[in-house]
Every structure is written in C-alpha cells, then in structure tokens.
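# Architecture and fold: a report
Each chain is listed here by its residues.
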Amino acid sequence: MNSWKVLRGVLRYEFLMQIRRPALWLAFLVFTLIDLRTVIGQVIELRNPGFSHMQFSVWQTAAALAIMTNWLAPLGIGILIADRLPRDRRTRAEEVLNSLPGTLKMRVLGKYLGTLLASLVPSFLLYLLIVGLAVWQLGNLGLIPAALLCYVLVVLPGMCFIAAFSLALPIIIWVPLYQFLFFGYWFWGNLLAPGYGLPTLSGTILTPIGSAIGVGFFGIPTFGGQEPSSTMYGVSSIVALLGIAVLVLVVLYQFLRFEQARQ
Amino acid sequence: MSLDRLRYELRLLGKPVFLTPLLVVSGFALFMALVNRGVTPYTMARALGASLEMLLPMAAGVVVATIATHDRAIELQLTMPRSYHRTANARFLFILLWSALIALLTSALLLTLNHWRLPTQIVHWGQPWQFLTWQLTWLSSMLWLVAFGLVLSLLLRSRSASGALIGVFAIMQVMFHSGFDEIVFLHPVYLFPLTFTPDANYWLTNRVELLGTAAVLLVLAWFLLRKSELLLLHAPGEE
C-alpha cells in the first residue's frame, strides 16, 4: 500500500478520534474560563493610556497575546496526547495494526500529526476568542493577520515540541507519572523566572511557551525580564524546538521498530 | 478486608503506584542537590517544604484520579456481593496512606537536618506540638487534592481530563498565589500557603478549612461511588 495513503488514513482516523473526545473539549472549556479571567484584564490594559509607555506595535501586541494565551493550552495538549500510545497497547489495537499492511513510520507520523492537529483546534479557537476581544478593545483589524502569523511563529513550534515528547515518553514512563512530571517541567522550564534562584530552561531557546521566539522576533518582555533581542535568537529557538521534536519522533520510531522485531 | 484481598489489590495497583511518591520526593531532593549553585539553606528549606506541600499532594491527586475508580473488570465486580465502593475506597486509602507515610518520614528527616521552614503562627510552639501541627502542611493539601481527583475521575470518567484539571488547578495556585492570599473567600481552597505566604496569620485556619472542604468532596465521592450507572459510563476515546 502506498505510504502516503497510509499516512493520510492514520492521520484522518487519529484526528477524528482525538477531536471527538469530550475530555479534550471539557479541559479546554475550563482553560477558556481561566484564560478569560486572567487575560481579559491584560487585554483591557492594552487600551489603557498608562500602558502606552510600552508602545507596543501591532506585531508586538499579537505576539504578547499569543504568549499570554499559551501559558495553559500546551498543558492540555501534552496531557491529552500522552495516553494515545499506551491506550493502543492496553486495548490491543497495536497488535492488530502491526498485522496490517502499512509502514510503522507512517503510522507514528500519522498518529503524531493527527492527535496534534486535533488538539490544536480547541487551543486555536481559544486564541481566536482572545484575539477577538483584543480587536474589539483596540478597534484595530490589522491585529487579525498579525495574530495568525504570530500563532504560527510563536505557538506552533512549542506545540510540536511538547506533542512529540508527550507521544513518545509514556511508552517508557507510567502515564500518571508522566503527567505529573510534565506539569513540573512546564512550570519549571517555562513559567519560572530565571532569576528566581533555581537554574531553569525558561528564557533559553528551549522554551516551548514561545517567549524566546517572542523576544527574538518582536522584542516583547518575557517572564523574568529581557533577554538578548535578535532575530537569530528567535530563529534558533524555532529550529531547536522543531529539530528536537523530529529527533524524538525518530527515536520513538526506532524504539517501536526494535520492540516489533523482538516479538 | 482479608490479607489475601489486600495483597491482591496491591498487586493490581502495581509498582508505579509505590514508586511515584518516592520518586517525587527523592527526585526533587536530588535535583536540588545537583543544582545547588547559589542555593542557600533558606531556599533549600523552602524548596523541600514545597516538595511536601505541593509536589507530593499533586502526584497523589493525579494517581488517585487515574487508579482509584478505573477497573477493566468493573462490570464483573458490580455483579459480586462485595460493593465496588469498598474496593475503590481501599485503593484510595492505600494511595493516601502510602503518600502520607513518605511525607511523614521526609518531614522528620527535614527536622533532623534542620531544613525546616515553619509558618509564623507556630514558630514559638514547643515540641512535639510544633512537629505534629506542621504535618498539616502536607496533610491538608494532600487530602484536598486526592478528594478532588476522586470526584473529578468519577464525574468525568476520563483519567486524562481529571489529571489535566488537577495539574491546572495546582499551577493556577502557584501562578496566582497572591490572589489566593489576598481574597479571603478563596482561603478555604488555598493549597500552598507555607511556600508562598508563610507569614499568613490564617495558616492554621486555612489548614482546617481545607480539611473541611476535602471532607465535603469525600462525601460527594462516597455518594457517587454508590451510583452503579455512573461507574459504568464510558467516555468516548477514554479507557
């Protein structure tokens, strides 16, 4: 069977399976309530004349909105992707899939893309809601295209990064332990200010929340203060996040192939 | 519950349930030891206290949400004379007691090593009352989060969504701790005052209030566990 057909079929099936999970929508409904509570005040602040000393351009406002919305959504995406491969094993679907034509490589890639894209749907809708509020407050329609591009530049690389780890690591780590470690990592590696006293990945190019990309491309302030602001810094963050995501998927594929050969 | 039955339940729970609290506490202590560049005794005491107040209860909450109410043979169990709620309660109690034992031993170790951070309200208390009251630091948070995890897993019938919501609630408390400190009506659900506001003059009240709200959640869970129809509900895409 053509590999691309397999990829398309797996992607479609995984996408539908994930997007039809009530748990996904329920989790994001709660995130929306929390985000609206926390972000709305900051969106209203954008209109405040006292806020104008920061002189945010449209691009900076869009990037700031992307990061503000992104503090919570990756948690939901990571947790809801984490149980996909262990579930296949527990329901014995993996054994059935192994007996079917089609390559393991395309199955892994299809599962990754399908679950990631489906999980991004509620996250993106939440972002559009926040952007809509900001457009309404600022009366600037130019914010919409800027916000869409900022979502691709600032949010997606980090989402690809965490989705790859969340798909792969539960193969060797018990899912609840992975969930707990993921929460710890998210706070430590993204939200903890570098000057807090603990060494942290926060503020480095390996910050999937997108703050390094935001400061590199748009020069917006991040958690814990300013970092060097150069476009190369943002580019290196995108390359590092996407590169590691690809590497993790390759290792996952090799691990599953090794396990399949052992059976 | 017979000893054989208990042994069987423990085998069903599996090694990860035993190892998770140990890994959380020892892993965090190891992390602190490895990155101790610039870490003072004060920050060490604060961090280790936080591992008992925040990390261990969070881990126990996620484990309870995943384990306590899910059973692949639940249809079969519901046909037996023994009520399912007794099985679920046994699992819940085991996870709680095991995590509590780890927390108690760790707090005794912290006291011995003098990495001991006290809430201002009990600084001048004598021993053993100070040590015993300090145990409320982890006990109240843990009981609250495991009760919350139990209720979530019963209502949502999704391990992932329950785990996600417990984690998000805990991270919200970390991110917006000043709000939880300042708004009085949020005190009964403010889980981590020792880590963020050890000078709070409501520390003891907060710990007791948390135990009270946890008791309310446990009563709700007790009621839900008796609803066989609810236990048989299966959310699409979940296990």
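Bear in mind that the values here come from a model prediction, so they are computed numbers and not experimental data. (Residues numbered from 1 in each chain as written. Chains lettered and ligands numbered in written order. Predicted model: local features only at pLDDT ≥ 70, side-chain atom pairs only at ≥ 80, totals over all residues.)

## Looking at the overall build of chain A
Just so we agree on the cut-off: Runs of E in the DSSP output that reach at least two residues are strands. Runs of H or I that reach at least four are helices, and both are numbered from the N terminus. Residues with at least 20 neighbouring C-beta atoms inside 10 Å of their own are called buried, those with 12 or fewer are called exposed, and the rest are partly exposed, where every C-beta is derived from the backbone. Remark: residues whose backbone-derived C-beta atoms lie within 7 Å of one another are considered to be in contact.
Across its full length, chain A holds 11 helices and 0 strands. Starting at the N terminus, the α and β elements of chain A follow one another as α-α-α-α-α-α-α-α-α-α-α. Scored against the burial criterion, the 263 residues of chain A give a buried share of 45%. Of all intrachain contacts in chain A linking residues separated by at least 6 positions in sequence, the fraction that spans at least 24 positions is 78%.

## Description of the overall build of chain B
Condition: Here the radius of gyration uses the C-alpha set of atoms, whereas the globule reference equals 2.2 Å times the residue count to the power 0.38.
Helix and strand counts for chain B stand at 12 helices and 0 strands. Reading chain B from its N end, one meets helices and strands in the order α-α-α-α-α-α-α-α-α-α-α-α. Relative to the 2.2 N^0.38 estimate, which gives 18 Å for 239 residues, the radius of gyration of chain B is 19 Å and therefore close to what a compact globule would have. The buried share of chain B, taken over its 239 residues, is 38%. Partitioning the intrachain contacts of chain B with sequence separation of at least 6 by distance along the chain shows that 77% fall at a separation of at least 24.

## Remarks on the nonpolar core
Burial of nonpolar side chains together is a common tendency in soluble globular proteins. Selection rule: By convention in this section, buried Ala, Val, Leu, Ile, Met, Phe, Trp, Tyr and Cys residues joined through C-beta atoms within 7 Å make up a nonpolar core.
Membership of the largest hydrophobic core comes to 123 residues, with the highest contact counts inside it found for Ala-164 of chain A together with Leu-56 and Val-146 of chain B. At 17 residues, the largest contribution of residues to this core is made by helix α8 (residues 143-168) of chain A. With residues near it in sequence (within four places) discarded, Ala-164 of chain A still touches Tyr-112, Ala-245, Val-248 and Leu-249 of chain A.

## A look at helix α3 (residues 41-67) of chain B
Along an α-helix, residues three or four apart share an orientation, since each turn contains 3.6 residues. All names here are of chain B. Cut-off, in case you're wondering: Expected helix span is taken as 1.5 Å per residue step, with the number of steps being one fewer than the number of residues. Take the seven residues that end at a residue and the seven that start at it, fit an axis to each, and the angle between those axes is the bend at that residue.
When the terminal C-alpha atoms of α3 are compared, their 37 Å separation across 27 residues agrees well with the 39 Å that a helix rising 1.5 Å per residue should span. Along its length, α3 shows its largest kink, about 35 degrees, at Ser-51. The buried fraction of α3 amounts to 20 of the 27 residues, a majority that puts the element mostly inside the structure.

## A closer look at the environment of Leu-7 of chain A
Residues and elements named next belong to chain A. The topology assignment puts Leu-7 in helix α1 (residues 3-19). Residue class for Leu-7 comes out buried when judged on the 20 C-beta atoms lying within 10 Å of it. Sequence-wise, Leu-7 and Ile-130 are 123 residues apart; in three dimensions their C-alpha atoms are separated by 34 Å. Setting aside residues no more than four positions away along its own chain, Leu-7 makes contact with Met-106, Leu-109 and Gly-110.

## What about the interface of chain A and chain B?
The condition that has to hold: Lys, Arg, Asp and Glu make up the charged group, whereas Ala, Val, Leu, Ile, Met, Phe, Trp, Tyr, Cys and Pro make up the nonpolar group; the residues left over, Gly among them, are polar.
Counting from both sides, the interface comprises 29 residues of chain A and, opposite them, 30 residues of chain B. A class-by-class count of the residues in the side of chain A that touches chain B yields 21 nonpolar, 3 polar and 5 charged.

## So, the packing of α8 of chain A against helix α10 (residues 211-218) of chain A
All names here are of chain A. Stated precisely, the cut-off is as follows: Here the axes come from fitting lines to C-alpha atoms, over the contacting stretch only for helices, and the angles between their N-to-C directions go from 0 to 180 degrees. Angle categories: roughly parallel below 35 degrees, roughly antiparallel above 145, roughly perpendicular from 65 to 115, and oblique for all the rest. Helix crossings are classified by the rotation of the near helix relative to the far one: an anticlockwise turn of less than a right angle makes the crossing left-handed, while a clockwise turn makes it right-handed.
At their nearest, the axes of α8 and α10 sit 9 Å apart, and the two run at 155 degrees to each other. Taken as axis vectors, α8 and α10 run roughly antiparallel relative to one another. Two packed elements cross with a definite hand, and for α8 against α10 that hand is right-handed. Between α8 and α10, the residues in contact are Leu-153, Val-154 and Pro-157 and Ile-213, Gly-214 and Phe-217, respectively. Its residues assigned to classes, the contact of α8 with α10 comprises 5 nonpolar, 1 polar and no charged.

## A short note on unusual backbone geometry
Of the consecutive residues Gln-127 of chain B and Pro-128 of chain B, the connecting peptide bond is found in the cis state with omega at 5 degrees. Mapped onto the elements, Pro-128 of chain B comes out in the loop between α5 (84-113) and α6 (129-134).

## Re the environment of Pro-16 of chain B
Within the fold, Pro-16 of chain B resides in helix α2 (residues 15-34). What makes Pro-16 of chain B partly exposed here is the crowd of 16 C-beta atoms within 10 Å. Taking the C-alpha atoms as reference points, Pro-16 of chain B and Thr-66 of chain B, 50 residues apart in sequence, are found 12 Å from one another. Ignoring any residue separated from it by four or fewer positions in sequence, one finds Pro-16 of chain B in contact with Trp-174 and Leu-177 of chain A.

## Some details on the packing of α2 of chain B against α3 of chain B
Residue and element names in this part refer to chain B. At a closest axis distance of 10 Å, the pairing of α2 and α3 adopts a crossing angle of 155 degrees. In terms of orientation, α2 and α3 fall into the roughly antiparallel class. Between α2 and α3 lies a crossing of right-handed hand. Facing Val-17, Thr-20, Pro-21, Val-24, Val-25, Phe-28, Ala-29 and Met-32 of α2, the residues of α3 in contact are Met-44, Ala-47, Leu-48, Ser-51, Leu-55, Leu-56, Ala-59, Ala-60, Val-63 and Ile-67. Among the residues forming the contact of α2 with α3, the class breakdown is 16 nonpolar, 2 polar and no charged.

## Quick notes on α10 of chain A
Residue and element names in this part refer to chain A. Here α10 lies mainly inside the structure; 8 of its 8 residues are buried. Where α10 is concerned, the buried positions are Ser-211, Ala-212, Ile-213, Gly-214, Val-215, Gly-216, Phe-217 and Phe-218. Residues of α10 that are buried sit in contact with α3 (58-69), α8 and α11 (231-262). Just downstream of α10 lies Gly-219, where phi reads positive at about 65 degrees.

## Observations concerning the confidence of the model for chain B
Defined as follows: Summary of the metric used: pLDDT quantifies the predictor's per-residue confidence within the range 0 to 100.
In this model, chain B carries an average pLDDT of 83, and 95% of its residues clear a pLDDT of 70 or more. For this predicted complex, the interface confidence reaches an ipTM of 0.80, while the overall pTM sits at 0.85.

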